Amino acid sequence: MEAYFKETQKLAMVLLKLIGQALEIDKREMEEMFEEGLQLVRMTYYPPCPQPELVVGLRPHSDAGGLTILLQVNGEQGLQVKKNGVWIPVNILPDAFVVHIGDAMEIFSNGIYKSIVHRATVNSVKERISIGMFFNPKLEMEIGPATSLINEKNPPQYKRMPMEQYVKDFFSRKLRSKTIVDQMRIKGEQPNTE
Ligand SMILES: O=C(O)CCC(=O)C(=O)O
Ligand SMILES: [Fe+2]
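Residue positions are given per chain, counted from 1 along the sequence in the order it is written. Chains and ligands are labelled by the order in which they are written, letters from A for the one and numbers from 1 for the other. Side-chain atom pairs in this predicted model are given and counted only at pLDDT of 80 or more, local residue features only at pLDDT of at least 70, and totals for whole chains, interfaces and linings cover all residues. With hydrogens and water set aside, each side-chain value is computed from the structure's full complement of heavy atoms.

*Asks:* Help me understand the side chain of Q80 in this model?
*Replies:* Every helix listed is a DSSP run of H or I at least four residues long, and every strand listed is a run of E at least two residues long, numbered separately from the N terminus. With respect to the secondary-structure elements, Q80 resides in strand β4 (residues 79–83). With residues up to four places along the chain from it excluded, the contact list for Q80 reads W87, I88, P89, V90, V117, H118, R119 and T121. Any two residues having at least one pair of non-hydrogen atoms within 4.5 Å are treated as being in contact.

*Asks:* What is the right way to read the site of ligand 1 from this model?
*Replies:* Residues in close proximity to ligand 1 include R42, Y46, L58, H61, D63, L70, L79, H118, R128, S130 and F134, which together make up its full environment. A distance of 2.8 Å separates an oxygen atom of ligand 1 from a polar side-chain atom of R42. What qualifies as a polar contact is a pair of N or O atoms within 3.5 Å, subject to a donor-acceptor requirement within protein and to the restriction that residues adjacent in sequence count only when both atoms come from side chains. Within the side chain of D63, a nitrogen or oxygen atom sits 3.2 Å from an oxygen atom of ligand 1. The Shrake-Rupley method, run with a 1.4 Å probe sphere, supplies the accessible areas, and residue values consider only the shown protein chains as cover. About the coverage of ligand 1: the protein hides 99% of its 290 Å² of free accessible area. Classifying every residue of the shell around ligand 1 by side-chain character gives five nonpolar, three polar and three charged. When at least one non-hydrogen atom of a residue lies within 4 Å of a molecule or strand, that residue is treated as near it. When residues are sorted by character, Ala, Val, Leu, Ile, Met, Phe, Trp, Tyr, Cys and Pro go into the nonpolar class, Asp, Glu, Lys and Arg into the charged class, and all the rest, Gly among them, into the polar class.

*Asks:* Explain a nonpolar patch on the surface to me, please; I cannot follow it from the model alone.
*Replies:* Together, M1, V41 and M43 make up a nonpolar patch on the protein surface, roughly 290 Å² of accessible area in all. Locating V41 in the fold gives a position in strand β1 (residues 39–46). What goes into a patch is any residue over 30% in relative accessible area without a salt bridge, connected to like charges within 9 Å or, for nonpolar side chains (Val, Leu, Ile, Met, Phe, Trp, Tyr), within 5 Å. Basic side-chain nitrogens of Lys or Arg form a salt bridge, by our definition, when they fall within 4 Å of a carboxyl oxygen of Asp or Glu.

*Asks:* Teacher, can you tell me more about the coordination of the iron ion (ligand 2) here?
*Replies:* Ideal geometry at a metal gives 109.5 degrees between four tetrahedral donors and either 90 or 180 degrees between six octahedral ones. Only nitrogen, oxygen and sulfur atoms count as donors, using a 2.8 Å cut-off from the metal that widens to 3.2 Å for Na, K and Ca. Water is left out, so coordination shells may look unfilled. Note on the iron ion (ligand 2): its protein donors are H61 (NE2), D63 (OD) and H118 (NE2). The metal-donor distances range over 2.1 to 2.2 Å. Mapped onto the polypeptide sequence, the residues donating to the iron ion (ligand 2) form the spacing pattern H-x1-D-x54-H.

*Asks:* What's the story with helix α4 (residues 163–171) in this structure? I'm lost.
*Replies:* The α-helix advances 3.6 residues per turn, and as a result positions three or four apart in sequence lie on the same side. The buried label goes to any residue with under 20% of its type's maximum accessible area, the exposed label to any with over 50%, and the partly exposed label to all in between, with areas taken from a 1.4 Å probe on protein chains only. For α4, every residue scored as buried is listed here: M163, Y166, V167 and D169. For α4, the buried positions fall inside an angular range of 160° around the axis, keeping them on one side. Away from its buried face, by an angle of more than 90 degrees, α4 presents the exposed residues K168 and F171. For α4, the secondary structure elements touched by its buried residues are α3 (103–108), β9 (142–143), β10 (161–162) and α5 (179–184). An arc is given here, and it is the one of the directions from the helix axis to the C-beta atoms.

*Asks:* What is the right way to look at the confidence of the model for the chain in this model?
*Replies:* Across the chain, pLDDT averages 93, with 96% of residues at or above 70. For this predicted complex, the interface score ipTM comes out at 0.99, alongside a pTM of 0.92. pLDDT is a residue-level measure of predictor confidence that goes from 0 to 100.

*Asks:* Can you help me understand unusual backbone geometry in this one?
*Replies:* Most peptide bonds adopt trans geometry, and most residues besides glycine take a negative phi value. Of note, N84 is a non-glycine position whose phi angle comes to about 50°, a positive value. Its location among the elements puts N84 in the loop between β4 and β5 (86–89). Looking at N84, the relative accessible area reads 71%, which means it is exposed.

Shown next as structure tokens:
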């Protein structure tokens, strides 16, 4: 598990740096925000369910962190993402991770990258296991739009908040849609319609 933590962290940093390059976020700002940031894990076991249409495995939510690297351990399908209001199953590719953009990346990129709402369904035949690794900014940082992206033409679309407060807020809520990022959006901006 420790090796998995470290290796996925390396991968996440590669991805975060590429995102930074693509968006022209200052390299140092990206590193300062995410290098050796708060890394969390959620392992979920979904037992088979005789009436899968009556239950939801994991309710719709966006992940609160920057990036999520998700491993669908036993190759069982169940993840769905919401695109233009429609639930779309994510097909399993062998030996591939799913990478989600989280709320902290939506905020940091000043809304250029939107976090994705997703849910997990269950089935009646086989259990399903997933391991999500969540890569967050460092706890001592303040979450907000990257200062290297902000100028007169591109005003901040989200408020700033100490990461510690952001994490506390997140853990005091139930998993629900995009509640955190909606709360941080500066008024006048259109809320994201999932
Ligand atoms: O089980 C899955 O595929 C999704 C897990 C997930 O979204 C999460 O842990 O945040
Ligand atoms: Fe998730």
